[in-house]
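Working through the structure, step by step
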Amino acid sequence: MNSHEVEIVVYGAEQLCPSCVNLPSSKETFEWLESAIARKFPDQPFKMTYVDIYQPTGEIKQLDFAKKVVEEDMFYPVVVIKEKVVGEGNPRLKTIFSELEKYGYKAI
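The notes below deal with the structure included here. (Residues numbered from 1 in each chain as written. Predicted model: local features only at pLDDT ≥ 70, side-chain atom pairs only at ≥ 80, totals over all residues. Heavy atoms only, no water.)

**Describing helix H1 (residues 26-40)**
Because the α-helix completes a turn every 3.6 residues, residues three or four places apart line up on one side. Applied cut-off: Counting from the N terminus, the helices are the DSSP runs of H or I reaching at least four residues and the strands are the DSSP runs of E reaching at least two. Given a helix with a known number of residues, its expected span is that number minus one, times 1.5 Å. Only protein chains enter the area calculation, which uses a 1.4 Å probe; residues under 20% of their type maximum are buried, those over 50% are exposed, and those in between are partly exposed. Think of the arc as the fan of directions from the helix axis to the C-beta atoms.
For H1, spanning 15 residues, the distance from its first C-alpha to its last is 21 Å, which sits close to the expected 21 Å at 1.5 Å a residue. Turning to H1, its buried residues are Ser26, Thr29, Phe30, Leu33, Ala36 and Ile37. All buried residues of H1 fall inside an arc of 140 degrees around its axis, so they share one side.

**Digging into the layout of surface pockets**
The cut-off we apply is this: Using a 1 Å grid laid over the protein atoms alone, points where a 1.4 Å probe fits but cannot get out form a cavity; open sets with protein on both sides within 12 Å along at least 5 of 7 lines form a pocket; any residue with an atom within 4 Å of a point counts as lining. Grid points are joined across faces, edges and corners, and a volume is the space filled by probe spheres set on the points. Residue type decides the class: Asp, Glu, Lys and Arg count as charged, Ala, Val, Leu, Ile, Met, Phe, Trp, Tyr, Cys and Pro as nonpolar, and the leftover types, Gly among them, as polar.
Looking at the largest pocket, its volume works out to about 260 Å³. What lines the largest pocket is simply Glu5, Val6, Glu7, Val9, Tyr11, Lys61, Gln62, Phe65, Val80, Ile81, Lys82 and Glu83. Secondary structure elements with two or more residues in the lining of the largest pocket: strand E1 (6-12), helix H2 (60-71) and strand E3 (78-81). Of all the elements, E1 adds the most residues to the lining of the largest pocket, at four residues. Split into classes, the residues belonging to the lining of the largest pocket amount to six nonpolar, one polar and five charged.

**Some points on the packing of H1 against helix H3 (residues 93-101)**
Helices that pack against each other are described as a pair by the angle of their axes relative to one another and the distance between those axes. Short version of the rule: Fitting a line to C-alpha atoms yields each axis, with helices limited to the stretch in contact; the angle taken between N-to-C directions then spans 0 to 180 degrees. The labels follow the angle: roughly parallel below 35 degrees, roughly antiparallel above 145, roughly perpendicular from 65 to 115, and oblique for the rest. In this scheme the handedness of a crossing depends on how the near helix is turned from the far one: anticlockwise by less than a right angle means left-handed, clockwise means right-handed. Whether two residues touch is decided by their heavy atoms; if any such pair falls within 4.5 Å, the residues are in contact.
The N-to-C vectors of H1 and H3 enclose an angle of 55 degrees; their axes lie 11 Å apart at closest approach. One finds that H1 runs oblique with respect to H3. The way H1 lies across H3 gives a crossing that is right-handed. Side by side, H1 and H3 meet where Trp32, Leu33, Ala36, Ile37 and Lys40 of the first sit next to Leu93, Ile96, Phe97 and Leu100 of the second. In terms of residue class, the contact of H1 with H3 is made up of eight nonpolar, no polar and one charged.

**Notes on the pairing of E1**
Along any regular strand, the residues point their side chains to alternate faces of the sheet. Threshold: When DSSP finds at least two bridges between two strands, those strands are taken to pair.
Counted residue by residue, E1 has six buried out of seven residues, so it is predominantly covered. As defined by bridge partners, E1 adjoins strand E2 (residues 46-52) across seven bridges and the pair is classed as parallel. Counted as the bridge partner of Tyr11 is Val51 from E2. As paired strands, E1 and E3 are joined by four bridges and run antiparallel to one another. By the bridge assignment for E3, Tyr11 is matched with Val78.

**Observations concerning the nonpolar core**
To keep things clear, this is the line we draw: Residues belong to one nonpolar core when they are buried, are Ala, Val, Leu, Ile, Met, Phe, Trp, Tyr or Cys, and are joined through side-chain atoms within 4.5 Å.
Of all hydrophobic cores here, the largest spans 18 residues; its most connected members are Ile8, Ile37, Met48, Ile96 and Leu100. Going through the elements one at a time, E1, H1, E2, E3 and H3 are the ones with two or more residues in this core. In terms of residue count, H1 provides more of this core than any other element does, four residues in total. With residues near it in sequence (within four places) discarded, Ile96 still touches Leu33, Ile37, Val79, Ile81, Val86 and Pro91. In terms of nonpolar packing, the next biggest core, distinct from the first, is built from twelve residues, Val9, Ala13, Phe65 and Val80 among them.

This is the structure we're talking about:
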């Protein structure tokens, strides 16, 4: 079982990504991911953080990455684990789960 907590950061905005019209909002994706990860890896600690790309708060590296999402016109939400982008626009659970398993998470 994983003994340390991995942080999953979701960068997004209230308004939908212009290229992501038929997809859920960033906040909906954040909530969906949180539930899916908790079901896949029960009793294994993880931290979910949401950062609004237009009104960011938090650590300097999160503020800098939020700025990068806007400046580079990335498709949001953007999902980041340990400074690695693991999802953009319409994140895939399989990719996110695979990344978490690299840090010792075990599916139950």
